[in-house]
Amino acid sequence: MLRSVAGKYRLPVIHFLYRMVQNHGISEELGQEVFLRVYRSRATYEPTAKFTTWLFRIATHLALNLLRDGKNEKGQERLDDDTGASPSRDVPDRRPSVEYTLVRQARMDEVRRAVAALPDKQRVAVLMHKYEEMEYSQIAGVLNCSESAVKSLLFRAYESLRPRMAHMA
């Protein structure tokens, strides 16, 4: 059962964690820890809430604890990382131009920095709402607050982001 759960939710959890900690290696490690905690706590899971709410609550707490404790080493990269190496192909390259890719990447980085600068609860709410497409009730369950509090968090977050992103419109 856990294998099927991990298979279904692994990528969404790791993507969420990456958006929180901005480091692929750390997000992978945190993802493993999330599923380890799910396995250890499986007997205490109360099916009154959606499973994804419980799962993302665990992921959120782990990411916030890591950020709070300052253990995130997102500025460090491994020199022996060979994940970019791939075999060459003899087919035409239909990828976007280098200029397009650079502009898009710069915009994405700017959005990531703006979201990362939000207070923790606002950042978590935005990530769950926009990237994970979770409903207000699910976000409220993860953050242990009311739906109106989630709406308020999102409103304040988007109001904060609007002036920083106005030039992109």
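We now turn to the structure provided with this report. Each chain carries its own residue numbering, running from 1 in the direction its sequence is written. Only residues with pLDDT of at least 70 are given local features in this predicted model, and only at 80 or more are side-chain atom pairs given and counted; all residues enter the totals for whole chains, interfaces and linings. Excluded from the side-chain calculation are hydrogens and water; included are all heavy atoms of the structure.

So, on to the overall build of the chain. Each helix corresponds to a stretch of at least 4 residues labelled H or I by DSSP, and each strand to a stretch of at least 2 residues labelled E; elements are numbered beginning at the N terminus. A count of helical and extended segments in the chain gives seven helices and zero strands. Along its sequence from the N terminus, the chain presents helices and strands in the succession α-α-α-α-α-α-α. When burial is assessed residue by residue, the chain has 33% of its 169 residues classed as buried. Within the chain, counting contacts between residues at least 6 apart in sequence, those at least 24 apart form 66% of the total. A simple rule labels every residue: compare its accessible area, found with a 1.4 Å probe on the protein chains alone, to the largest value its type can have, and call it buried under 20%, exposed over 50%, or partly exposed in between. In what follows, residue pairs with any heavy atoms lying within 4.5 Å of each other are defined as contacts.

This part is about the environment of S146. Within the fold, S146 resides in the loop between α6 (136–143) and α7 (147–165). Through-space distance from the C-alpha of S146 to that of Y136 is 8.8 Å; in sequence the pair is ten residues apart. Residues adjacent in sequence count toward polar contacts only when both atoms are side-chain atoms; beyond that, a polar contact is any pair of N or O atoms within 3.5 Å, and within protein one must be able to donate a hydrogen and the other to accept it. Among the polar contacts made by the side chain of S146, one reaches the side chain of S148 at a distance of 3.1 Å.

Mapped onto the elements of the fold, E132 is located in the loop between α5 (120–131) and α6. Dropping the residues within four chain positions of it, E132 is found in contact with P12, H15, F16, R19, F56 and L127.

Each aromatic pair joins two rings of Phe, Tyr and Trp (for Trp, the six-membered one) with centres within 6.5 Å, and gets the label stacked for planes under 30 degrees apart, edge-to-face for over 60, and tilted for any other angle. Counted according to the given criterion, the structure contains three aromatic pairs. Where Y9 meets F51, the ring centres are 5.4 Å apart and the plane angle is 50°; that geometry is what we call tilted. Of this pair, Y9 sits in helix α1 (residues 2–21) while F51 sits in helix α3 (residues 51–69), and the two are 42 residues apart along the sequence. Linked through ring pairs, Y9, F51 and W54 together constitute an aromatic cluster. Between the NZ or CZ atom of R42 and the centre of the ring of Y39, over which it lies, the distance is 4.0 Å. Any Lys NZ or Arg CZ found within 6 Å of a ring centre and within 35 degrees of that ring's normal is scored as a charge over the ring.

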